[in-house]
Amino acid sequence: MTSADFAMISAWQSHPHVREWWDSDEPGTNRELEDGRVERWIVSFSERPFAYIQDYTVHGWKDHHFFSLPPGSRGIDQFIGEPDMVGRGHGPAFISEHLKKVFAAGAPVVATDPHPDNARAIAAYKKAGFSAFGAARQTPWGLILPMKISR
């Protein structure tokens, strides 16, 4: 992802299916792109950009709810921005592909934290191999269902 993608990301975040679960306007500044704790990508299918995914060091914030995971663990967040690409199996597919890259780079565990009511995201993560570890809980970033997958 580069700053040239900001307008596209903003347009995606304006869609109701994204806004319902992704209430942030991040990433939206060059400063955010320069944050070394987070890696960001635009996902394309047949050369058409349609989704956003990020992974981050869970140890980059001392109050992060995944801070207790092993050293080198990563967290991920993602959304499909293009409405016509939702519900077609793309989420589990690009999440699985991204996991290969993150595990190849040495991460022992990858965690994610969908809202417990976000059934579509939870199903996509389960199809990609994630499982819940612990009950839903409130965090500084909102209500989450902790999920993880190990290498």
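Look up a bit, the structure's there.
Residues numbered from 1 in each chain as written. Predicted model: local features only at pLDDT ≥ 70, side-chain atom pairs only at ≥ 80, totals over all residues. Heavy atoms only, no water.

Peer 1: Please explain the pattern of salt bridges as it appears in this structure.
Peer 2: Opposite charge on two side chains allows them to pair when their charged atoms are near. Applying the stated criterion to the full structure yields five salt bridges. Close ionic contact of Glu 82 with Arg 48 constitutes a salt bridge, the shortest N to O distance being 3.4 Å. In this pair, Glu 82 is assigned in the loop between strand E3 (74–80) and helix H4 (90–104) and Arg 48 in strand E2 (residues 48–57), connecting sequence segments 34 residues apart. We classify Arg 48 as partly exposed; its relative accessible area is 30%. Linking Arg 48 and Asp 84 is a salt bridge whose minimum nitrogen-to-oxygen distance equals 2.8 Å. Taken together, the positions of Arg 48 in strand E2 and Asp 84 in the loop between E3 and H4 put the pair 36 residues apart, joining distant regions of the chain. Taken together, the salt bridges that share partners define one network made up of Arg 48, Glu 82 and Asp 84. (Salt bridge = Lys/Arg side-chain N within 4 Å of Asp/Glu carboxyl O. Helix = DSSP H or I, 4+ residues; strand = E, 2+ residues; numbered from the N terminus. Buried < 20%, exposed > 50% of the residue type's maximum accessible area, 1.4 Å probe, protein only.)

Peer 1: For this particular structure, what's the right way to read the nonpolar core?
Peer 2: Among soluble globular proteins, nonpolar side chains are generally buried collectively. Counting residues in each nonpolar core, the largest one holds 23 residues, and the members touching the most others are Phe 50, Phe 94, Ile 95, Leu 99, Val 110, Tyr 125 and Phe 130. Residue assignment for this core shows that the elements contributing at least two residues are E2, E3, H4, helix H5 (119–127) and strand E8 (147–150). Looking at which element gives the most residues to this core, the answer is H4, with five residues. If sequence neighbours within four positions are ignored, Tyr 125 has contacts with Ile 76, Asp 77, Gln 78, Ile 95, Thr 112, Pro 114, Phe 130 and Met 147. Val 38, Phe 66, Leu 69 and Val 109 belong to the second-largest nonpolar core, a separate cluster that totals eight residues. (Core = buried A, V, L, I, M, F, W, Y, C linked by side-chain atoms within 4.5 Å. Contact = heavy atoms within 4.5 Å.)

Peer 1: Any chance you could explain the sheet that holds E2 here in plain terms?
Peer 2: Strand pairing within a sheet occurs via backbone hydrogen bonds; the two strands may be parallel or antiparallel. Here we have six strands laid out as an open sheet, ordered E1-E2-E3-E4-E8-E5, and mixed in their pairing. At either margin of the open sheet sits one strand with a lone partner, and together these are strand E1 (38–45) and strand E5 (131–132). Where E5 and E8 come together, two bridges link them in antiparallel fashion. The partner of Ala 132 across the bridge, within E8, is Met 147. Seen against the sheet, helix H1 (residues 6–13) touches E1, E2 and E3 and runs at an angle of roughly 95 degrees to E2. (Pairing = 2+ DSSP bridges. Axes fitted to C-alpha atoms, helices over the stretch in contact; angles between N-to-C directions.)

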